[in-house]
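Below are the chains, spelled out letter by letter.
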Amino acid sequence: MDTEFPHEHCLQIPAHLKASLRIMLLAKHACGDGSHDPVDGNHAVYHHELRCTLEKIGLDVVTADSFEALFEELCEEPDIDFVFPLLNRAGFLNSEMLAPLLLQRLGIPYLGASPILRGLSDDKHLMKLAARQHGVPTSDWRIIRRGTDLAAAGPLNAARYIV
């Protein structure tokens, strides 16, 4: 089966809409040159490729690598129509939650789930509880924080373990 779609069957954004559309790519390496990053690895490459792809299809792309850019843009020129929030390696715990929260509060459309759904899906323990509650077969789990005495945690019997 051919996985490529012929160009003539793809939906396209009409030129007059492209001309008025302003997209922000909010990602740690959005402004980078696509080089592999020693800490973030291929995230840097991915952010560059995404930016290039959006530009190649003719979209007006604003790149930003900090949350502050949302407020700078809004103060100077409040015409961002859509945001790709990929700033999930911002250097603090749960940083992936901040962009959706800010964008929701600012009323700017963005790619991804709402903050509450994002929070639920990112919390493996809560997601497993929700899945079990809805009858989804879910393996047993245990939360073990860094520094926990594993001997005191007791055994968890399973055929396979995922850490």
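All values derive from a computational prediction rather than experimental measurement. (Residues numbered from 1 in each chain as written. Predicted model: local features only at pLDDT ≥ 70, side-chain atom pairs only at ≥ 80, totals over all residues. Heavy atoms only, no water.)

J.: Sorry if this is basic, but what is going on with the pairing of strand β1 (residues 22-26) here?
T.: Every other side chain in a regular strand lies on the same face of the sheet, so the side chains alternate between the two faces. β1 sits mainly inside the fold: five of its five residues count as buried. The two faces of β1 match: R22, M24 and L26 on one face and I23 and L25 on the other face are all buried. The pairing of β1 with strand β2 (residues 60-64) spans five bridges and is parallel. Directly across from L25, in β2, lies its bridge partner T63. In this region the chain leaves β1, passes through helix α2 (residues 43-56) and returns to the parallel neighbour β2; the handedness of that crossover is right-handed. Where β1 meets strand β3 (residues 82-85), four bridges bridge the pair, whose relative direction is parallel. Counterpart to I23 in the pairing with β3 is F82. (Buried < 20%, exposed > 50% of the residue type's maximum accessible area, 1.4 Å probe, protein only. Helix = DSSP H or I, 4+ residues; strand = E, 2+ residues; numbered from the N terminus. Pairing = 2+ DSSP bridges. Right-handed = clockwise from strand over helix to strand, strands pointing away.)

J.: Got a minute to help me understand unusual backbone geometry in this structure?
T.: A negative phi holds for most residues other than glycine; trans holds for most peptide bonds. Even without a glycine there, the phi angle at N94 is positive, about 65°. Here N94 is to be found in the loop between β3 and α4 (98-106). By relative accessible area, N94 is classed as partly exposed at 45%.

J.: Looking at this structure, how should I read the nonpolar core?
T.: In summary, soluble globular proteins display a tendency toward joint burial of nonpolar side chains. In this structure, M24, L26, F67, L70, V83 and L103 are the most contacted members of the largest nonpolar core, which totals 15 residues. The set of elements that each furnish at least two residues to this core consists of β1, β2, α3 (68-76) and α4. With three residues, α4 is the single largest residue contributor to this core. Residues A27, L50, L59 and F84 belong to the second largest nonpolar core, which totals nine residues. (Core = buried A, V, L, I, M, F, W, Y, C linked by side-chain atoms within 4.5 Å.)

J.: Explain α2 to me, please; I cannot follow it from the model alone.
T.: Between the first and last C-alpha of α2 there are 20 Å, a value that for 14 residues agrees with the 20 Å anticipated at 1.5 Å per step. Considered for burial, the residues of α2 that qualify are A44, H47, H48, L50, R51 and L54. For α2, the angular spread of buried residues about the axis comes to 160°, placing them on one side. Looking at the buried residues of α2, the elements they touch are β1, β2 and β3. (Expected span 1.5 Å × (residues − 1). Arc of directions from axis to C-beta. Contact = heavy atoms within 4.5 Å.)

J.: Sorry, what's going on with the packing of helix α5 (residues 115-122) against helix α6 (residues 124-133) here?
T.: Any two packed helices are characterised by how steeply their axes cross, that is the angle between the axes, and by the distance between the axes. Two elements in contact, α5 and α6, have axes separated by 5 Å at closest approach and are oriented at 95°. With respect to α6, the element α5 is oriented roughly perpendicular. Between α5 and α6, the residues in contact are L120, S121 and D122 and K124, L126 and M127, respectively. Among the residues making up the contact of α5 with α6, the classes are represented as three nonpolar, one polar and two charged. (Axes fitted to C-alpha atoms, helices over the stretch in contact; angles between N-to-C directions. Parallel < 35°, antiparallel > 145°, perpendicular 65-115°, else oblique. Nonpolar A, V, L, I, M, F, W, Y, C, P; charged D, E, K, R; others polar.)

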